[in-house]
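# Reading the structure
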Amino acid sequence: MIEQVAEPLQQHGFAKVVLELEVNNHPGVMSHICNLFARRAFNVEGILCMPMSDTSRSRIWLLVFEDQRLEQMVLQVEKLVDVRSVRRHGAEHEVFERLERFFH
Amino acid sequence: MMQMTGAELIVRLLERQGIRTIAGIPGGAILPLYDALSGSDIIRHVLARHEQGAGFMAQGMARVSGRPEVCFASSGPGATNLVTAIADARLDSIPMVAITGQVPLSMIGTDAFQEVDIYGMTVPITKHNFLVRSAAELLEVIPQAFRIAMSGRPGPVLVDVPKDVQNQLVSFEAYPEPAVPDPVPALDMVAIESAAKMIDEAERPVLYLGGGVVHSGASRLAVTLAEQAGLPTTMTLMALGTMPVDHPLSIGMLGMHAARYTNFVLEESDLLICVGARFDDRAIGKAAQFCPNAQIIHIDIDPAELHKIKAAHVAINGDVATALEALLPRVKHNLRKRWLSHVDSLKSRFPMAMPGRDDPRTHYGLVHAVAAVLDDEAVIATDVGQHQMWVAQAYPFRRPRQWLTSGGLGTMGFGVPAAIGAALSEPDRTVVCFTGDGSFKMNIQELATLAEEGLNVKIVLMNNNSLGLVYQQQNLFYGKRVFASKYRGEPDFLKIAEGFGIAAVDLDSSPNPRATLAQALQSRGPCLIHASISREEFVYPMVPPGAANTEMIGG
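Residues numbered from 1 in each chain as written. Chains lettered and ligands numbered in written order. Predicted model: local features only at pLDDT ≥ 70, side-chain atom pairs only at ≥ 80, totals over all residues. Heavy atoms only, no water.

## Focus: the overall build of chain B
Of regular secondary structure, chain B possesses 22 helices and 20 strands. In terms of C-alpha radius of gyration, chain B reaches 24 Å, essentially the compact-globule figure of 24 Å for 555 residues. Across its three principal axes, chain B shows a C-alpha extent of roughly 70 × 65 × 45 Å. Taking all 555 residues of chain B together, the buried fraction comes to 60%. Within chain B, residue pairs in contact and separated by at least 24 positions form 75% of the contacts whose partners lie at least 6 positions apart. If you sum the accessible surface of chain B, you get close to 20,400 Å²; carbon and sulfur atoms cover 53% of it. (Helix = DSSP H or I, 4+ residues; strand = E, 2+ residues; numbered from the N terminus. Rg over C-alpha atoms; globule rule 2.2 N^0.38 Å. Buried < 20%, exposed > 50% of the residue type's maximum accessible area, 1.4 Å probe, protein only. Contact = heavy atoms within 4.5 Å. Areas by Shrake-Rupley, 256 points an atom, 1.4 Å probe, with all protein chains shown as cover.)

Dropping the structure here:
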């Protein structure tokens, strides 16, 4: 039996998007989020997480490519019990830009 | 002020949540919880023989009752043995709370004896999971676990409790209230109005019901919608029973092993009303060619299911029952004579072929013979394989929660423990488990639990001494290169049953199999009913994997 295997999705042609997540701050939240992206073979280019001033919450910033699966990905992220909100920003958002100098 | 250990607190919270039966197996890291459970006058513990069995017993209870049920396992291998049952519950949206013991907090991460990161392992297969870090947290975690398991789209939740947390003393003022489901989301009434309009304007609509109709308790509403709008109605494997099989509008199960006419009706439809179903590949075949001319209305409680496989023209996020209630007064009465008579003509031209249906020594005949002895109050469980599909095709399901099967994960070994769970939950019903010899051997140790509990479970073993669906696929799609699908040894299942202390009858050697079957099904208590089935009997029709639903072979 011969089956067509889909080519791995080329992501670098796509625009980048910054996702801003507000989450409950406890151990395990990062693993829920990273696991969700990993098991759907959805690349996360950049990730940043810090507690908010209300320390029961954290804010997570994710830099991802805007391929056609992003809508579904966001819906899945929104289903996670510890995720309180998801906002989308364009790649021009400064959070990752200002970190650039630590990496280049 | 109350003071108790974490273990006692768990037991009290489970009692208050209404839990009356827990299946499980003790071990070192969960012994404090078992010690506390031994003091409960309210909860009965059923000792499984393998943790996977305990997980499926909890599922069996949950599938017949519709409420979250509980299983216990110890740390390490106890917990990993639960994994398959949890993943199965996730794919079929079954509410369940699995509680596992864990090594003491101070030893986590040290590769302690029987330590495994079950929290990490179950992230992708649970709706949510918890690693409890103090006894006080249990006051919040246990009710949360139940709330999450039963809210929205149901699913399994795992709570991992380190042994020292079970032994820790906690003081508190009052018990938390038992969990209740979250309120259902508000409906988009504009979408409901457009859905009603689309139904009224369609010429060849089909109603496509999924397991969500069962979970939402909406089968009566779905049947009413079908009758009011004249909708031929197909059901997924998970939804069998939501519309009685002999209802004039029923066109049976769709998909890989559907009757030919069912897939042809779908092919011609101009409107597909998908209610609580998720366009699974076994149901729809090649997605691009499924219902090529149909507009789609999709109603689902899980927003991530909308537009996931097929883009819907009208997508309604909401509880199925609430949405159908809103839809009903807005949909016109319609006899739809032309379309329904066309559906009837497709049905008579391409019917479900059931060779041997009157001979109880054949696969279809055996399913019919079992059904002839029972009424609709019986619960029918299956394992996974050819027998499962034959039962799905041939058994006359007439009510929701009559049918328990592992749909999404397709877990061999599901049947016997799930049937035990169903009988634990509803001991007055007759519970029949159709199984195959391959599946049966995957949780055969639970016969010991069944004998101990003396439950009214009848196991109908369709024995072809092979992994039948594998054998079938190798014959049909792999050039008849049959490999690793025929067993060389042949266990004597009658002696095995006898060894476990379970009555057994053999239809092969019975001069009157119908009478033997009737007697076995009608006498109370567990019984194994053995019947040989030819290995050359295949499940037909069949949509080859990856093909469109209209490209069926056989049947």
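## As for the nonpolar core
Residues and elements named next belong to chain B. By size, the foremost hydrophobic cluster in this structure holds 72 residues, and its most contacted members are Val-370, Ile-380, Tyr-395 and Phe-434. Summarising the domain contributions, this core has at least three residues from each of domain 2 (189-349) and domain 3 (363-532). Setting aside residues up to four positions removed in sequence, Tyr-395 forms contacts with Val-367, Val-370, Ala-371, Leu-374, Ile-380, Trp-390, Gln-402 and Phe-434. Ala-23, Val-46, Val-416 and Ile-502 belong to the second-largest nonpolar core, a separate cluster that totals 51 residues. (Core = buried A, V, L, I, M, F, W, Y, C linked by side-chain atoms within 4.5 Å. Domains from an automatic or database assignment.)

## Some points on the UniProt feature "domain: ACT" (unreviewed entry) in chain A
Mapped onto the present numbering, the UniProt feature "domain: ACT" (unreviewed entry) falls on residues 18-91 of chain A. Helix makes up 28% of residues 18-91 of chain A and strand 43%, whereas the separation of the span's terminal C-alpha atoms amounts to 6 Å. (UniProt positions renumbered as here; feature names shortened; annotations may be inferred.)

## Brief notes about unusual backbone geometry
What is expected of a backbone is that most residues other than glycine have negative phi and most peptide bonds are trans. Residues and elements named next belong to chain B. Following Tyr-540, the chain continues into Pro-541 via a peptide bond in cis, with omega recorded as -10 degrees. Summarising the element assignment, Pro-541 is placed in the segment after β20 (527-532). For Cys-291, which is not glycine, the phi torsion reads 45 degrees and is therefore positive. Phi at Ala-484 is positive, roughly 60 degrees, even though this residue is not glycine. Tracing the sequence through the fold places Ala-484 in the loop between α20 (468-477) and α21 (493-500).

## Considering the sheet that holds strand β16 (residues 403-404) of chain B
Residues and elements named next belong to chain B. Read from one edge to the other, the open sheet built from 6 strands follows the order β16-β15-β17-β18-β20-β19, with strand pairing classed as parallel. The open sheet has two edge strands with one neighbour each: β16 and β19 (503-506). Sheet topology note: the strand β15 (residues 379-382)/strand β17 (residues 431-436) ladder contains 4 bridges and is parallel. If you follow Thr-382 over to β17, its bridge partner there is Phe-434. The sheet contacts of helix α22 (residues 513-522) involve β17, β18 (457-463), β19 and β20, and relative to β20 the element is tilted by about 155 degrees. (Pairing = 2+ DSSP bridges. Axes fitted to C-alpha atoms, helices over the stretch in contact; angles between N-to-C directions.)

## Examining the UniProt feature "domain: Thiamine pyrophosphate enzyme N-terminal TPP-binding" (unreviewed entry) in chain B
UniProt records the feature "domain: Thiamine pyrophosphate enzyme N-terminal TPP-binding" (unreviewed entry) at residues 4-120 of chain B, using the numbering of this structure. End-to-end, the C-alpha atoms of residues 4-120 of chain B are 29 Å apart, and along that stretch the chain is 44% helix and 19% strand.

## Notes on the packing of aromatic side chains
For the coordinates displayed, the defined rule picks out 13 aromatic pairs over all chains. Ring centres of Phe37(A) and Phe42(A) lie 5.9 Å apart, and the angle between their planes is 70 degrees; on these two criteria the pair is classed as edge-to-face. Phe42(A) matches Phe37(A) in its accessibility class, with the two residues each being buried. Ring centres of Tyr395(B) and Phe397(B) lie 4.9 Å apart, and the angle between their planes is 40 degrees; this geometry places the pair in the tilted category. For the pair Tyr395(B) and Phe397(B), a shared accessibility class is recorded, and that class is buried. (Phe/Tyr/Trp six-rings, centres within 6.5 Å; stacked < 30°, edge-to-face > 60°.)

## Looking at the sheet that holds strand β4 (residues 69-73) of chain B
All names here are of chain B. Judged by pairing direction, the sheet is parallel, and its 6 strands sit side by side in the order β3-β2-β4-β5-β7-β6 without closing on themselves. Lying at the two open borders of the sheet, with one neighbouring strand each, are β3 (44-47) and β6 (128-131). For this sheet the average axis-to-axis angle between neighbouring strands, irrespective of direction, equals 20 degrees. In terms of strand pairing, β4 meets strand β5 (residues 96-102) through 5 bridges, oriented parallel. Note that in β5 the partner of Val-70 across the bridge is Val-97.

## Re the side chain of Gln388(B)
Residue and element names in this part refer to chain B. Along the chain, the position of Gln-388 falls in helix α16 (residues 386-394). On the basis of relative accessibility, which here comes to 4%, the residue Gln-388 falls in the buried class. For Gln-388, the side chain forms a polar contact with the side chain of Thr-405, separated by 2.8 Å. In contact with Gln-388, not counting residues within four places along its chain, are Leu-237, Thr-382, Asp-383, Trp-403, Thr-405 and Ser-406. (Polar contact = N/O pair within 3.5 Å; in protein donor to acceptor, adjacent residues only side chain to side chain.)

## Comments concerning the side chain of Thr122(B)
All names here are of chain B. Relative to the elements of secondary structure, Thr-122 occurs in helix α5 (residues 118-122). What makes Thr-122 buried here is its relative accessible area of 0%. At 2.7 Å, the side chain of Thr-122 forms a polar contact with the backbone oxygen of Ile-118. A distance of 3.1 Å separates the side chain of Thr-122 from the side chain of Asn-129, its partner in a polar contact. Among residues more than four places away in sequence, those in contact with Thr-122 are Val-83, Ile-86, Asn-129 and Leu-158.

## Focus on the pairing of β5(B)
If a strand is regular, its side chains alternate between the two faces of the sheet. All names here are of chain B. Of all 7 residues in β5, 7 are buried; the element is thus mostly enclosed. Side chains of β5 alternate between two faces, with Met-96, Ala-98, Thr-100 and Gln-102 and Val-97, Ile-99 and Gly-101 buried alike. Where the polypeptide runs from β4 across helix α4 (residues 77-91) and back to β5, its parallel neighbour, the crossover connection is right-handed. The sheet contact formed by β5 and strand β7 (residues 156-162) spans 7 bridges and is parallel. Across the sheet, Gly-101 pairs through a bridge with Val-161, a residue of β7. (Right-handed = clockwise from strand over helix to strand, strands pointing away.)

## Re the packing of helix α1 (residues 6-16) of chain B against helix α2 (residues 31-38) of chain B
All names here are of chain B. Between α1 and α2, the least distance of the axes is 8 Å, while the angle of their chain directions is 50 degrees. By the criterion of interaxial angle, the relationship of α1 to α2 is oblique. Where α1 crosses over α2, the two elements pack in a sense that is right-handed. Residues Ala-7, Glu-8, Ile-10 and Val-11 of α1 pack against Pro-32, Leu-33, Ala-36 and Leu-37 of α2. Of the residues in the contact of α1 with α2, the class split is 7 nonpolar, no polar and 1 charged. (Parallel < 35°, antiparallel > 145°, perpendicular 65-115°, else oblique. Left-handed = near helix turned anticlockwise from the far one by under 90°. Nonpolar A, V, L, I, M, F, W, Y, C, P; charged D, E, K, R; others polar.)

## Structural notes on the confidence of the model for chain A
Here chain A averages 90 in pLDDT, while 91% of its residues score no lower than 70. For chain A, per-element mean pLDDT is lowest for helix α3 (residues 94-97) of chain A, which scores 90, and highest for strand β1 (residues 16-24) of chain A, which scores 96. (pLDDT = per-residue confidence, 0-100.)

## What to know about the interface of chain B and chain A
With 17 residues of chain B at the interface, the matching set in chain A holds 13 residues. Carbon and sulfur atoms make up 58% of the surface buried where chain B meets chain A, a total of about 1,300 Å² over both sides. By the criterion of area lost to chain A, the three top residues of chain B are Val123(B), His128(B) and Ala304(B), representing 32% of everything that side buries. For the pair chain B and chain A, the interface holds 1 salt bridge. We note a salt bridge from Lys79(A) to Asp302(B), for which the minimum N-O separation is 2.5 Å. Connecting chain B to chain A are 4 residue pairs in polar contact (both at pLDDT 80 or more). Among the secondary structure elements, those contributing two or more residues to the side of chain B that touches chain A are α5 and β6 of chain B. In terms of residue class, the side of chain B that touches chain A is built from 9 nonpolar, 3 polar and 5 charged. (Buried area = accessible area lost by both parts, 1.4 Å probe. Salt bridge = Lys/Arg side-chain N within 4 Å of Asp/Glu carboxyl O.)

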